[in-house]
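This is what each chain is made of:
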There are 2 protein chains.
Amino acid sequence: MPAPDQAETRRIALIAGNGSLPGQIADALAAAGREFRIIAIKGEAEALTRERADAELGWGEIGRLYNFLKTSGCRDIVLIGGVSRRPDFTSILGDLGTLKRLPTIIRALAGGDDSLLTKVIRLLEDEGYRVVGIKDVAPQLLASGGVLGRVQPAKDDWRDVELALKATEKLGELDIGQAAIAVGGRVVALEGAEGTDAMLERCAELKRIGRVRAKGRAGVLVKTAKPNQDLRVDLPTVGPRTIDLALAAGLAGIAVEAHGALIAERDETLRKADTAGLFLIGLDRSQGAGVADQ
Amino acid sequence: MPAPDQAETRRIALIAGNGSLPGQIADALAAAGREFRIIAIKGEAEALTRERADAELGWGEIGRLYNFLKTSGCRDIVLIGGVSRRPDFTSILGDLGTLKRLPTIIRALAGGDDSLLTKVIRLLEDEGYRVVGIKDVAPQLLASGGVLGRVQPAKDDWRDVELALKATEKLGELDIGQAAIAVGGRVVALEGAEGTDAMLERCAELKRIGRVRAKGRAGVLVKTAKPNQDLRVDLPTVGPRTIDLALAAGLAGIAVEAHGALIAERDETLRKADTAGLFLIGLDRSQGAGVADQ
């Protein structure tokens, strides 16, 4: 193990939303000997996250948040886990520290076309904090390149991988979705606002009603990051539920971007993929050669 | 009216599938004084089409088809209307003329990546027939450029038109779908194998569950032809049902490609759009200026 540089010795604040990812990041940080504090988001963080949290804060408690960050000596922040409920304005009108910053907050949230999270990042950075991502603090949680489970893709699968990958690249150019499905040499579904899970459910329905036909298990879900996606807060993710839905859609496998996508609950996900006979691969686009040569 | 050239005096065979389009084409041809014969596809053509048909033939009756074309003096063919049931092999194993041509038919249908209809066209052309499209025989049925109904798009609508149009162009490059929906400056749905109607239903659902948000009526469905789409058999089409679904999805309007898309049941469709307060526009891409300048 290399000697930790200065950045690696900085204490990290995990601001934790829902799901099991905050816990996984905490485990990875603990295993790496990193110092960290967990701030659970009220009404979002799971019981398991809240149990090990150092603080629990609601949307309106921005004053308390900054106080906590200051007293705990955290200058680096990881925003992790999902947020299912959008804060409304009344829940934002919280503590004194929030009110004091309200003009700045409103200016930041109201302006521009960026996503809510991008604006939150900017607010934190304006206060002198550094927002980092999983890639920075726990890169071992990202998908590696190559075949990740025990099932190997067949030749036809590589053709579908290539087609769906091209489709996600076009989607990315337009900043639309992250995922596409190709079956039997044809792109059959593209992700819009519905998200990957709903797209997989649609694909299952298309097969059921015969609008997509395939002999046996066929087709690939490809999920990649958009070119201007902020990977610190929005990482393409597949997990156990993705495997279930890909199986229900009759697909042969799943491909994600190596080093740019997360396998949530990795052991469980890979076990499920192996059991279902689905391949799961990491595409290393930095290697240039492309998937067609495989 | 210009003097009819030789092509315009040729007798046309309408091979009619389901829906009301075959009847509309027949009306348009009759109004233009063109000579034509109607061949209803068994199990597909509507009662109204069958009533005025000169012949009714099943998938396996290719021998009878060629005989009919020969004796009726039709050298030009229009394939029009939908086909909901794919012929299976037993229904193809029909008359003697079919059997005689079976090696050619199988060779044509089995080879290459083209669609079934493209292959059917090639078969007909190999026998010396010319397959033409609505554009050739009844261009007045295609959408014209500009605002087609009584409702005018607002400034924000033009932005959504431009965004969704860009998305359909990318889809076209990949030969995937014909349609996209943008709402509030964001592309939210892209058409894959599910088709336009199902995509509109999805958009309604996305609004219902709050995954797509808009104040009041907002957003545009854009439907264009793919660059390599054979407009003789596969014309982007909107009709009364498209209006119903666009209304249910809370959209502000619909844009199609001028001279490259069909408004099915035009009067009914425009009446519905006007009543619903939806705009319906034809985008004239050949004029180059683009929609942003509107």
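An account of the accompanying structure is given in this report. Nothing here was measured: the structure is a model prediction, and the numbers come from that model. (Residues numbered from 1 in each chain as written. Chains lettered and ligands numbered in written order. Predicted model: local features only at pLDDT ≥ 70, side-chain atom pairs only at ≥ 80, totals over all residues. Heavy atoms only, no water.)

### Things to note about the overall build of chain A
Within chain A one finds twelve helices and 13 strands. A burial count over chain A gives 50% of its 294 residues as buried. Restricting the contact set of chain A to residue pairs at least 6 apart, pairs at least 24 apart contribute 73%. In the structure as shown, chain A presents an accessible area of about 14100 Å², 50% of it carried by carbon and sulfur atoms. (Helix = DSSP H or I, 4+ residues; strand = E, 2+ residues; numbered from the N terminus. Buried < 20%, exposed > 50% of the residue type's maximum accessible area, 1.4 Å probe, protein only. Contact = heavy atoms within 4.5 Å. Areas by Shrake-Rupley, 256 points an atom, 1.4 Å probe, with all protein chains shown as cover.)

### Details of the interface of chain A and chain B
Across the boundary between the two partners, chain A contributes 22 residues, which contact 22 residues of chain B. Taking both partners together, chain A and chain B bury about 1800 Å²; carbon and sulfur atoms supply 64% of that area. Remark: the boundary between chain A and chain B carries four salt bridges. Between K170(B) and E173(A) there is a salt bridge, with the nearest N and O atoms lying 2.3 Å from each other. One can count six residue pairs in polar contact (both at pLDDT 80 or more) joining chain A with chain B. Per element, the largest residue contribution to the side of chain A that touches chain B is five residues, and it comes from helix α9 (residues 155-173) of chain A. Here the side of chain A that touches chain B is composed, by residue class, of ten nonpolar, two polar and ten charged. (Buried area = accessible area lost by both parts, 1.4 Å probe. Salt bridge = Lys/Arg side-chain N within 4 Å of Asp/Glu carboxyl O. Polar contact = N/O pair within 3.5 Å; in protein donor to acceptor, adjacent residues only side chain to side chain. Nonpolar A, V, L, I, M, F, W, Y, C, P; charged D, E, K, R; others polar.)

### Some thoughts on the nonpolar core
Ranked by size, the top nonpolar core spans 37 residues in total, and within it L190(A) and L190(B) carry the most contacts. If we ignore the near neighbours within four places in the chain, the residues touching L190(B) are L171(A), I176(A), L190(A), E191(A), R202(A), A167(B), L171(B), A179(B), A180(B), M199(B) and R202(B). (Core = buried A, V, L, I, M, F, W, Y, C linked by side-chain atoms within 4.5 Å.)

### A closer look at the sheet that holds strand β1 (residues 12-16) of chain A
All names here are of chain A. Spatially, five strands are ordered β3-β2-β1-β4-β5 in an open sheet, and the strand pairing comes out parallel. In this open sheet, the two edge strands, each paired with only one partner strand, are β3 (55-57) and β5 (130-132). Between one strand axis and the next, the sheet turns by 30 degrees as a mean value, whatever way the strands run. Bridging between β1 and strand β2 (residues 36-41) involves five bridges; their strand directions are parallel. Along β2, the bridge assignment pairs L14 with I38. Sheet strands touched by helix α2 (residues 21-31): β1, β2 and β4 (76-80). Its angle to β1, the strand with the most contacts, is close to 165 degrees. (Pairing = 2+ DSSP bridges. Axes fitted to C-alpha atoms, helices over the stretch in contact; angles between N-to-C directions.)

### What to know about the pattern of salt bridges
Residues and elements named next belong to chain A. Enumeration over the complete set of coordinates arrives at 38 salt bridges over all chains. The shortest N-O distance in the salt bridge between R241 and E201 comes to 3.1 Å. Taken together, the residues span a long stretch of sequence, with R241 in helix α11 (residues 240-248) and E201 in helix α10 (residues 195-208) at a distance of 40 residues. The class for R241 is partly exposed, based on a relative accessible area of 46%. Between R271 and E268 there is a salt bridge, and its shortest N-O distance comes to 3.1 Å. Here R271 and its partner E268 are both found in helix α12 (residues 266-276), three residues apart, which amounts to about one turn of the helix. Given a relative accessible area of 45%, R271 falls into the partly exposed group. A relative accessible area of 29% means that E268 is categorised as partly exposed.

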